[in-house]
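Topology and contacts: notes
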Amino acid sequence: QVQLVESGGGLVQAGGSLRLSCAASGQIFESDVISWFRQAPGKEREFVATRWWSGANTYYADSVKGRFTISKDNAKNTLYLQMNSLKPDDTAVYYCAAGLTYYGGYASRENYKSWGQGTRVTVSS
């Protein structure tokens, strides 16, 4: 099973940028998928972005498309989420997830087996 540790959250003004990291350890295969989700106060956890570990596919939620970019450092087994043009609506705890049970369900949190502890992002207006 894959273990995940997020970092990089913090407080930023609207329009600013942050880069989140998701360090992965354990058995990771090229066929694995690692995704970012977020959960704002009082709301359900929602899909943000996903990347096949092999790099074959990358998908984004409409709300972050064009502003967020997901990438990977192979040497460090780390997935990044570069977040630009941040808005107050981006305020949430951000989680990375692995262990997707089927590829078509990458946007649903129920389809993941492993989660990190989360990192908090606060965007002030």
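This write-up is about the structure you can find in this document. (Residues numbered from 1 in each chain as written. Predicted model: local features only at pLDDT ≥ 70, side-chain atom pairs only at ≥ 80, totals over all residues. Heavy atoms only, no water.)

Considering the pairing of strand β9 (residues 92–98)
Operational definition: Under the scheme applied here, a residue whose accessible area is under 20% of the maximum for its type counts as buried, over 50% as exposed, and between as partly exposed, the area being computed with a 1.4 Å probe on protein chains only. The helix and strand labels rest on DSSP assignments: H or I over at least four residues marks a helix, E over at least two residues marks a strand, and numbering proceeds from the N terminus. By definition, two strands form a pair when at least two bridges between them are found by DSSP.
Within β9, seven of the seven residues are buried, leaving the element largely enclosed by the surrounding structure. By the bridge criterion, five bridges tie strand β4 (residues 33–39) to β9 in an arrangement that is antiparallel. Among the inter-strand pairings, W36 is bridged to a residue of β9, identified as C96. As defined by bridge partners, β9 adjoins strand β10 (residues 114–115) across two bridges and the pair is classed as antiparallel. Counterpart to A98 in the pairing with β10 is S114.

A word on the packing of aromatic side chains
Put simply, the rule reads: Each Phe, Tyr or Trp ring, with Trp reduced to its six-membered ring, pairs with another whose centre is within 6.5 Å; inter-plane angles below 30 degrees give stacked pairs, above 60 give edge-to-face pairs, and intermediate values give tilted ones. Geometrically, a lysine NZ or arginine CZ counts as sitting over a ring once it is within 6 Å of the ring centre and also within 35 degrees of the ring normal.
Going through the model one piece at a time under the given rule, you end up with 10 aromatic pairs. For the ring pair F37 and F47, a centre distance of 5.8 Å and an interplane angle of 75° mean the geometry is edge-to-face. Here the residue F37 occupies a position in strand β4, and F47 occupies one in strand β5 (residues 46–52), the gap between them amounting to 10 residues. The same class applies to F37 as to F47, namely buried. Note on W52 and Y106: the rings are 6.1 Å apart at their centroids and 70° apart in plane angle, and the pair reads as edge-to-face. Separated by 54 residues along the polypeptide, W52 in strand β5 and Y106 in the loop between β9 and β10 bring together distant segments of the chain. Above the face of the Y80 ring, R19 is positioned so that its terminal group lies 4.0 Å from the ring centre. Over the face of the ring belonging to Y95 we find R45, whose NZ or CZ atom lies 3.7 Å from the ring centre.

Here we look at the pattern of salt bridges
Inclusion rule: By definition here, a salt bridge exists when the distance from a side-chain nitrogen of Lys or Arg to a carboxyl oxygen of Asp or Glu is within 4 Å.
Inspection of every chain in the model, using the stated rule, returns six salt bridges. The partner of E46 in a salt bridge is R38, and the shortest N-O contact between them spans 2.7 Å. For E46, a relative accessible area of 36% corresponds to the partly exposed category. Put simply, R109 and E44 hold a salt bridge, and the shortest N to O gap is 3.7 Å. Here E44 lies in the loop between β4 and β5 and R109 lies in the loop between β9 and β10, a separation of 65 residues in the sequence. According to the relative accessible area criterion, E44 is exposed, its value standing at 59%.

Everything listed is a geometric property; what it means functionally is a separate question.
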